[in-house]
Amino acid sequence: MKLETFYITTPIYYSSGRPHVGTAYCSIASDVMARYKKARGFEVKFLTGNDEFGQKNEEAAKERGVSTMQHLDDMAVLFQDMAKAVDVDYDIFWRTTDERHQRAVQTIFRTLHDKGDIYKGHYEGLYCTPCETFYTDGQVNDGNCPDCGRAVHKMQEEAYFFRMSKYQDALLAHIEENPDFIMPVSRKNEMINNFLKPGLDDLCVSRTSFKWGIPVDFDPDHVVYVWVDALSNYANALGFLSKNDEEYRKFWPADIHMVGKEIVRFHTLIWPAILMALGEPLPKQVFGHGWLTSEGRKVSKSFGNAIDPHMLVDRYGSDALRYFLMREFTFGNDGDFRNEALLTRINADLANDLGNLLSRTVGMIEKYFGGELVVKDVPDTEFETALKELVSAMPGKIEPLMDRMNFSETLNEIWAVIRRANKYTDETQPWVLCKDAEKSDYLALVLYNLAEVLRIISVVIAPFMPKTPAEIRKQLNIEKYDWESTKIFGLTPREIKVQKGAALFPRLDIQKELAELTAIQQSKIEQAEAAVPQKPEITIDEFSKMDLKVGEIVACEAMKKTKLLKSQVRIGTEVRQIVSGISAFYTPEQMLGKKVIVVTNLKPIKLRGEISQGMILAAADGTTLNLLTVDGEIESGATVS
Ligand code: MSP
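Predicted model only: the values in this text are computed from it and were never measured.

Draft legend 1. Looking closely at the site of the ligand. Near the ligand you find 25 residues, and of these Ile 12, Asp 51, Gly 260, Leu 292 and Val 299 are the closest. Separating a nitrogen atom of the ligand from a backbone N or O atom of Ile 12 is a distance of 2.8 Å. Here a nitrogen atom of the ligand and a backbone polar atom of Val 299 are 2.7 Å apart. When the free accessible area of the ligand is taken as 660 Å², the share hidden by the protein chains comes to 94%. Of all the secondary-structure elements, those providing two or more residues to the shell around the ligand are β1 (5-14), α1 (21-39), α7 (226-231), α8 (233-236) and β11 (256-260). Broken down by class, the residue content of the shell around the ligand amounts to 14 nonpolar, 8 polar and 3 charged.

Put into structure tokens, the structure is as follows:
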């Protein structure tokens, strides 16, 4: 029998920052969906991976002082390790530096160019020559480069453009005719009102100002600019445009692209327009989920270190973390990650509700029946009727919720059954029944029903919590059941021999855990703040290219309406003018007579109309600034080495 296919993707993650609980969130949600669809009998393909081109990745490698490829390899391992730690069971981990990806991107670019959908034009922006980077109006500071502080100027760069505007009407029609294409609905309205209705501009899809990208094969001065490269990974990973495109033909179009809310636009406008231009079918759905925040701030690479998924998994297990992330926040909205909420859920939902149901069921079967339960035909009372009603209704409630990726509500429904089963125990009072020999058969029925609920629960929680079901089955000593079995009450064998094991989720001392988590996270934040970014190693020859001399400040004045001081510095017999941005820390009077260290062979530049012939060295820690000087009397012009 041919299975229906289901293709789900996460975005490919930038290799510029380490994985964190925010990136884990997106992967876990996709994994839950992939596991659910597998359980429902689909042939599933689950894609994730890393987005490896572009300046950000190259700069991250430079900052670490390793080669770009070494950096990307290291990051791929970190992302794969993170997936493993949180039980994200992907089928393909795609890397955009993969030869197959690069070839496919070049073919896409060429095909669109040949069709006239990509054309050559000019990209205009504010350019910083030393940094070789374009900036937008909003990025520059007072006409200066946000990075090096030097003046930027308007520049045009030759670039290729994709004719997005041509697809505007077709995109709008597609979105309106396919109500499930963009989910949740709020994101769909955003795309229509903020982007489609005002009109789409053509999109710049190549650059000549940086090199770390896939070259345009028919014009190798250009590299493909990020989005065409990154977005097409979803098709390329299946062999699109290659000889071996069986998987593409089998699994495309994607059923779900799972993406964070900030990249919905790229996935619902740019990617579909590219696919339309290529004559390929569009993905069936793009789901834009919210962000995990911490104290209101998006968890990101700089801050994510503090909420380290590995640390949480080591302490509480991946099932607890996955349960919390999927249960606590409405998927689609932002959610604030709070340690206290995590610990409370572990104790209340996992230790008390689920853990307790298993341990008391197995414990009572051991206590009252020596671990061997044999159930006979006994008529149901109102308690059994009520319990079975709720359990039988559950699959029908959660299936549509899962299909809409309403994870939190799904878990709510499942936990309603777990809580109902605990209530059933309190209603039937096995500890009273056990005192009356005539009630023994009914007691066995009660315990059997509890085991049966646990069997069903072990199936429906499996997409969320991949490890716990096996532990439940082990203690009840039953085999693995499939999804359809949850719709029939009474499939657990009528004779079982249980075996008590460890608590599924040991109860936590919340105050103690909170204190420990806070201490760990605080120390990680401090470490991150204290970390000195290490520049790449240089040789002694490179260092000795710098000419450092002792200079004496012989005159100094403040430059009006700036933070700059203009100093006249005597270096041996020569006097030079040097402009420094230090007026917040030194007055001209304080500067006079100081012996400072000067870089004398720095290329002169003009700052606010004044020539600056060198640089005065200073130490700064973000709060204060101190000039570097000499420890004793020495003539100006002395060499520093
Ligand atoms: N490389 C691009 C995507 C290209 S897809 C063709 C990118 N990478 S990313 O690493 O910045 O983000 C990848 C995904 O992680 C995004 O969907 C983003 O929303 C998600 N998350 C990153 N931080 C997150 C949170 N704090 N919370 C939830 N998701 C987060 O964008």
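Draft legend 2. Layout of the sheet that holds strand β7 (residues 182-183). Reading across the sheet, the 6 strands line up as β3-β2-β1-β11-β12-β7 and stay open at both edges, with parallel pairing between neighbours. Looking at the sheet topology across the chains shown, the edges are occupied by β3 (92-95) and β7. Alignment of strand β2 (residues 43-51) against β3, held across 4 bridges, turns out to be parallel. Paired with Asn 50 across the strands is Arg 95, a residue of β3. Most of the contacts of helix α10 (residues 264-278) go to β11, to which it runs at about 135°, and overall it touches β7, β11 and β12 (286-289).

Draft legend 3. Structural detail: helix α5 (residues 168-177). Every buried residue belonging to α5 is among Gln 168, Leu 171, His 174 and Ile 175, and all of these are buried. The arc that holds the buried residues of α5, viewed along the axis, is 130°, so those residues lie on one side. Exposed positions of α5 whose direction lies more than 90 degrees from the buried face are Asp 169 and Glu 177. On its buried face, α5 sits against β7, α6 (185-196) and α10.

Draft legend 4. Fine view of the sheet that holds strand β8 (residues 203-204). With respect to topology, 4 strands assemble into an open sheet ordered β5-β4-β6-β8, the strand pairing being antiparallel. The open sheet has two edge strands with one neighbour each: β5 (133-135) and β8. The sheet contact formed by strand β4 (residues 118-128) and strand β6 (residues 153-162) spans 10 bridges and is antiparallel. Bridge pairing in β6 places Tyr 127 opposite His 153.

Draft legend 5. Quick look at the side chain of Ser 27. With respect to the helices and strands, the residue Ser 27 is situated in helix α1. A polar contact is formed between the side chain of Ser 27 and the side chain of Tyr 13, at a distance of 2.8 Å. Leaving out residues up to four positions away in the same chain, Ser 27 has contacts with Thr 10, Tyr 13, Phe 46 and Val 88.

Draft legend 6. Quick look at the pairing of strand β20 (residues 574-580). In terms of burial, β20 is a largely internal element, 5 of the 7 residues being buried. Inspection of the sheet shows strand β19 (residues 565-571) paired to β20 by 7 bridges, in the antiparallel sense. When the sheet's bridge partners are listed, Val 569 is paired in β20 with Arg 576. Linking two consecutive strands that pair antiparallel, namely β19 and β20, is a turn of 2 residues; a positive phi of about 65° is found at Gly 572 within it.

About the thresholds
- Residues numbered from 1 in each chain as written.
- Predicted model: local features only at pLDDT ≥ 70, side-chain atom pairs only at ≥ 80, totals over all residues.
- Heavy atoms only, no water.
- Near = heavy atom within 4 Å.
- Polar contact = N/O pair within 3.5 Å; in protein donor to acceptor, adjacent residues only side chain to side chain.
- Areas by Shrake-Rupley, 256 points an atom, 1.4 Å probe, with all protein chains shown as cover.
- Helix = DSSP H or I, 4+ residues; strand = E, 2+ residues; numbered from the N terminus.
- Nonpolar A, V, L, I, M, F, W, Y, C, P; charged D, E, K, R; others polar.
- Pairing = 2+ DSSP bridges.
- Contact = heavy atoms within 4.5 Å.
- Axes fitted to C-alpha atoms, helices over the stretch in contact; angles between N-to-C directions.
- Buried < 20%, exposed > 50% of the residue type's maximum accessible area, 1.4 Å probe, protein only.
- Arc of directions from axis to C-beta.

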